[in-house]
Amino acid sequence: MVRKLFTVVLLALAAILISIPASASLVPMSWGFPTLVQDHTLTAFENNLAESSESQSAAVSFPTSGGSFCDTGSLFGSAFPTITQSGARDDFLMSNKFMQEKQFMAFAYPYLSIGGSPVPSMGFL
């Protein structure tokens, strides 16, 4: 008896489910992405230090021995003086830089939503 009752209830449920038309509750179809926002800040500090040192020297000397043409190879002998030159240079460079960069960008695509939703523009609720 219980088995017959179970079979009858199961067939009745199947008949009810078959007679209900097919439907679906879909979320709205949406195209586009609402807004893109980017905020960028960069802060930089730069310190440079450079130092250079240069030393130069030059010397020209003529023989000072003897006074004849054969010894010195010149008619003037040792009459020319000894020439000496020297130079020195020091350079120092120091640079400090502070930089700050700010950038803001906002971009919006066209947004279209078709269909009903409990919360506007929230497709999957």
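Given the structure is predicted, the values throughout are model-derived calculations rather than measurements.

## Structural notes on a nonpolar patch on the surface
Here is step 1 of the chain: Together, L5, V9, L13, I16, L17 and I20 make up a nonpolar patch on the protein surface, roughly 610 Å² of accessible area in all.
Here is step 2 of the chain: Considering the arrangement of structural elements, one finds L13 in helix α1 (residues 2–19).

## Concerning the environment of N48
Here is step 1 of the chain: As for its position among the elements, N48 is in strand β2 (residues 35–60).
Here is step 2 of the chain: Residues N48 and M94, spaced 46 residues apart in sequence, show a C-alpha to C-alpha distance of 5.7 Å.
Here is step 3 of the chain: When sequence neighbours within four positions are dropped, the list of residues in contact with N48 reads L93, M94 and S95.
Here is step 4 of the chain: A polar contact of 2.9 Å, which involves the side chain of N48, links it to the side chain of E46.

About the thresholds
- Residues numbered from 1 in each chain as written.
- Predicted model: local features only at pLDDT ≥ 70, side-chain atom pairs only at ≥ 80, totals over all residues.
- Heavy atoms only, no water.
- Patch = residues over 30% accessible without salt bridge, like charges linked within 9 Å, V, L, I, M, F, W, Y side chains within 5 Å.
- Areas by Shrake-Rupley, 256 points an atom, 1.4 Å probe, with all protein chains shown as cover.
- Salt bridge = Lys/Arg side-chain N within 4 Å of Asp/Glu carboxyl O.
- Helix = DSSP H or I, 4+ residues; strand = E, 2+ residues; numbered from the N terminus.
- Contact = heavy atoms within 4.5 Å.
- Polar contact = N/O pair within 3.5 Å; in protein donor to acceptor, adjacent residues only side chain to side chain.

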